Amino acid sequence: RGSSMVTPYALLLFGGELEVLHQRAEVHVDAWIRFAAAPRTAALLRGLRGLLDDAMEAKLANPEADVSNHPAIAALLRILAFE
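Below you will find a few notes about this structure.

The rules behind each value
Counting restarts for each chain: residues are numbered from 1 in the order of the written sequence. The predicted origin of the model limits local features to residues at a pLDDT of at least 70 and limits the giving and counting of side-chain atom pairs to 80 or more, whereas totals for whole chains, interfaces and linings rest on all residues. Excluding hydrogens and water, the side-chain values take into account all heavy atoms of the structure. Going along the chain from the N terminus, every DSSP run of H or I of four or more residues is numbered as a helix, and every run of E of two or more is numbered as a strand. In this description, contact between two residues means that some pair of their heavy atoms is separated by no more than 4.5 Å. A simple rule labels every residue: compare its accessible area, found with a 1.4 Å probe on the protein chains alone, to the largest value its type can have, and call it buried under 20%, exposed over 50%, or partly exposed in between. Expected span of a helix: the number of residues minus one, times 1.5 Å. Throughout, the arc means that of the directions going from the helix axis to the C-beta atoms.

### What about the side chain of Arg49?
Then comes step 1: Here Arg49 shows up in helix H2 (residues 39–61).
Then comes step 2: Look past the residues within four positions of Arg49 in its chain and what remains in contact with it is Leu11, Leu12, Leu13, Phe14, Gly15, Gly16, Glu17 and Leu18.

### Some points on unusual backbone geometry
Most peptide bonds are trans, and most residues other than glycine sit at a negative phi.
Then comes step 1: Even without a glycine there, the phi angle at Ala25 is positive, about 55 degrees.
Then comes step 2: Of note, Ala25 is situated in the loop between strand S1 (18–21) and strand S2 (26–29).
Then comes step 3: Overall, Ala25 belongs to the partly exposed group, its relative accessible area being 30%.
Then comes step 4: The phi dihedral of Ala31 is positive, around 60 degrees, even though this residue is not glycine.
Then comes step 5: Along the polypeptide, Ala31 turns up in the loop between S2 and strand S3 (33–36).

### Some details on helix H3 (residues 71–82)
Then comes step 1: The end-to-end C-alpha distance of H3 is 17 Å, a good match for the 16 Å that twelve residues give at a rise of 1.5 Å each.
Then comes step 2: When we look at burial in H3, the residues that qualify are Ala72, Ala75, Leu76 and Ile79. Angular distribution of buried residues about the axis of H3 spans 100 degrees; they occupy a single face of the element. The exposed set on the far side of H3, more than 90 degrees from its buried face, consists of Leu77, Arg78 and Ala81.
Then comes step 3: Residues of H3 that are buried sit in contact with helix H1 (8–14) and H2.

Right under this line is the structure:
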């Protein structure tokens, strides 16, 4: 078995199912990876993830589509540059 390092943002944006626990200020990925996150941050990440899913679905439905100007892609690039 091998393993690879994955950044927290990669897990939160592209990993498994997200569960946001506002009262505990936590986000769970696939019910076993836990991150501390302020409720507002968790909500923003969940919203961005939904937008990224929409952009990827649009690209898969039409490989010729240009999604480079999609707002979710711009936000993702800013996050990755910061990380």
